[in-house]
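Structural characterization, general
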Amino acid sequence: MESAYQIFTDITTDLTAEWMAANHVIWLFHGLVIDGKEVKDDFGKSVPRDVYYERLRQGMKPTTTHVDMPTFIENFEKALQAGKDVLYVAVSGKLSGSLNTYPIAAEELRAKYPDRRIEAFDTCAISMGQGLIVMKVVEMQRQGYTMDQVLEQLPRLRDTTCHFFTVDDLNHLYRGGRLSRSSALMGSLMGIKPVMYVTNDGALQPLSKIRGRRQAIEELARLVKEHAEDPQNQTIYIGHADCQEDAEYLAELVREQTQPQAVDVRFLAPVIGAHAGPGTLAIFCAGQSRLKK
C-alpha cells in the first residue's frame, strides 16, 4: 500500500544513494564551495571522496552551503502535487542552517496546498546518527505508521542515538569556529586528539582530550561498549574522512569488545569533512540515552 506521506532528509545522513532510492526517501542536496564555485554534494560523483580529502590535506579550504529555498520548493512540491504530505527528517539545526530556511519554504507551500501537511523534525543529529533515525522512520512507514504516529516516536529515537567523534587535525575545528587558535596550536604540539559527542540538543561538544591517535580510537570503542543498547541486535556504524585503516581498526575493536550484530564502515560526507577535516573518525549506535550537554 502506498504511503500518504513522503519522507525527505539531507545528504548529510551518509546513507547511500542506492538505499535512498530503494526505500523511496528523497534526499536534499547541500553544497560545497570549492575554488569559488558551488558544487552539490552528489554522493561523490562530481567530487570523488578520496580526491576531495586528498585536496583537503593539500590545503584546500572549502566552505559549505545548506539546503536552499529552490531545493526545498522544488522537491516538496513534487510530493504535494502527487497528493502526498511531507515529512522532513532534518539534520541538526545546531550544525546546519537548513532548518532556518525550511519554515519560509513550508509557509509558501502551505498557502499553495492548504489541504496538505508539511512537517519537519530536528533530529539533533548528523551523518549516520541522522541516518539511523531515518532508517527507523522508513521502517515505521513500511509497517503502516501514520505521520502523526512517526512524529510521536521521533523524540525517543533522537534522544537514544549516540554519536562520538575524533579528529586528526585540530586546525579544521579552529577554522570552523569550534576551537580557539591557541587551543588548536597547543593541542597539536602536544598530540592531543579530542573525543567529542553530539549532545541531546544537537550541538558538537568535547568529551575528553586524549593524547595520541591510537588511544583516541580505543576511546571511541570504549564509549560504544559503554553506551550501545542491546548491541547484539543492532548495526554499529563507523564513518571516516579518508582514514580507512583507522576505521577498520576501530571496527575490529568494536567487534571484539561489544559483539554487535554487524559493523558498517563508510565514508563521511564531504560537507562534514569540510568542517572536521581528513582523518576524522566517527561512530554511531543506538543507546539507552544520548549524552546531555
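Let me sum up the structure you'll find in this document. (Residues numbered from 1 in each chain as written. Predicted model: local features only at pLDDT ≥ 70, side-chain atom pairs only at ≥ 80, totals over all residues. Heavy atoms only, no water.)

Brief notes about the sheet that holds strand β6 (residues 85-90)
- Strand order in the open sheet formed by four strands is β2-β1-β6-β7, with parallel pairing between adjacent strands. Bordering the open sheet on either side are β2 (26-28) and β7 (118-122), each of which pairs with just one other strand. Strand-to-strand twist across the sheet, computed as the mean angle between neighbouring axes with direction ignored, equals 25°.
- Both β6 and β7 contribute to a ladder of five bridges, which runs parallel. When the sheet's bridge partners are listed, Val 86 is paired in β7 with Ile 118. (Pairing = 2+ DSSP bridges. Helix = DSSP H or I, 4+ residues; strand = E, 2+ residues; numbered from the N terminus. Axes fitted to C-alpha atoms, helices over the stretch in contact; angles between N-to-C directions.)

Topic: the packing of aromatic side chains
- By the definition in use, this model includes 12 aromatic pairs.
- Measuring from ring centre to ring centre gives 4.8 Å for Phe 8 and Phe 76, while their planes differ by 65°; the resulting arrangement is edge-to-face. Within this pair, whereas Phe 8 is found in strand β1 (residues 5-10), its partner Phe 76 is found in helix α3 (residues 69-81), the two being separated by 68 residues in sequence.
- With a relative accessible area of 0%, Phe 8 lands in the buried category.
- Between the aromatic rings of Tyr 88 and Tyr 102, the centroid separation amounts to 5.9 Å while the plane-to-plane angle is 45°, which identifies the pairing as tilted. With a gap of 14 residues between them, Tyr 88 in strand β6 and Tyr 102 in helix α4 (residues 98-112) connect regions that are remote in the sequence. (Phe/Tyr/Trp six-rings, centres within 6.5 Å; stacked < 30°, edge-to-face > 60°. Buried < 20%, exposed > 50% of the residue type's maximum accessible area, 1.4 Å probe, protein only.)

Some words on the pattern of salt bridges
- Inspection of every chain in the model, using the stated rule, returns 18 salt bridges.
- For Arg 116, the salt bridge goes to Asp 85, with nearest N and O atoms at 2.9 Å. On the criterion of sequence distance, the pair formed by Arg 116 in the loop between α4 and β7 and Asp 85 in strand β6 is long-range, its members being 31 residues apart.
- Classification of Asp 85 by relative accessible area gives buried; the value is 13%.
- Of the charged contacts, one joins Asp 168 and Lys 193 as a salt bridge, the two residues approaching to 3.2 Å between their closest N and O atoms. (Salt bridge = Lys/Arg side-chain N within 4 Å of Asp/Glu carboxyl O.)

Observations regarding helix α6 (residues 147-159)
- The terminal C-alpha atoms of α6, which comprises 13 residues, lie 19 Å apart, in line with the 18 Å expected from a rise of 1.5 Å per residue.
- Considering bend angle alone, the principal kink of α6 is centred on Gln 153 and spans about 30°; proline Pro 155 follows within four residues of it.
- Within α6, burial applies to Met 147, Val 150, Leu 154, Leu 157 and Arg 158.
- Against the buried residues of α6 lie β1, β6, β7, α5 (127-142) and β8 (161-166). (Expected span 1.5 Å × (residues − 1). Bend = angle between axes of the 7 residues up to and from the residue. Contact = heavy atoms within 4.5 Å.)

Thoughts on the pairing of β1
- By the criterion of burial, β1 is predominantly enclosed, with six of the six residues buried.
- What you see with β1 is no split at all: Tyr 5, Ile 7 and Thr 9 on one side and Gln 6, Phe 8 and Asp 10 on the other are buried throughout.
- Examined bridge by bridge, β1 and β6 share five bridges and lie parallel to one another. Bridge pairing in β6 places Phe 8 opposite Tyr 88.
- Bridge count for β1 against β2 is three bridges, and the pairing is parallel. Each residue of the ladder has a partner; that of Asp 10, found in β2, is Leu 28.

What to know about the sheet that holds strand β3 (residues 31-34)
- Taken in spatial order, the three strands of this open sheet run β4-β3-β5, and their pairing is antiparallel. Both edges of this open sheet fall to β4 (37-40) and β5 (63-65), since each of them pairs with a single strand only. The mean angle between the axes of side-by-side strands here comes to 35°, regardless of whether they run parallel or antiparallel.
- Here β3 pairs with β5 via three bridges, running antiparallel.

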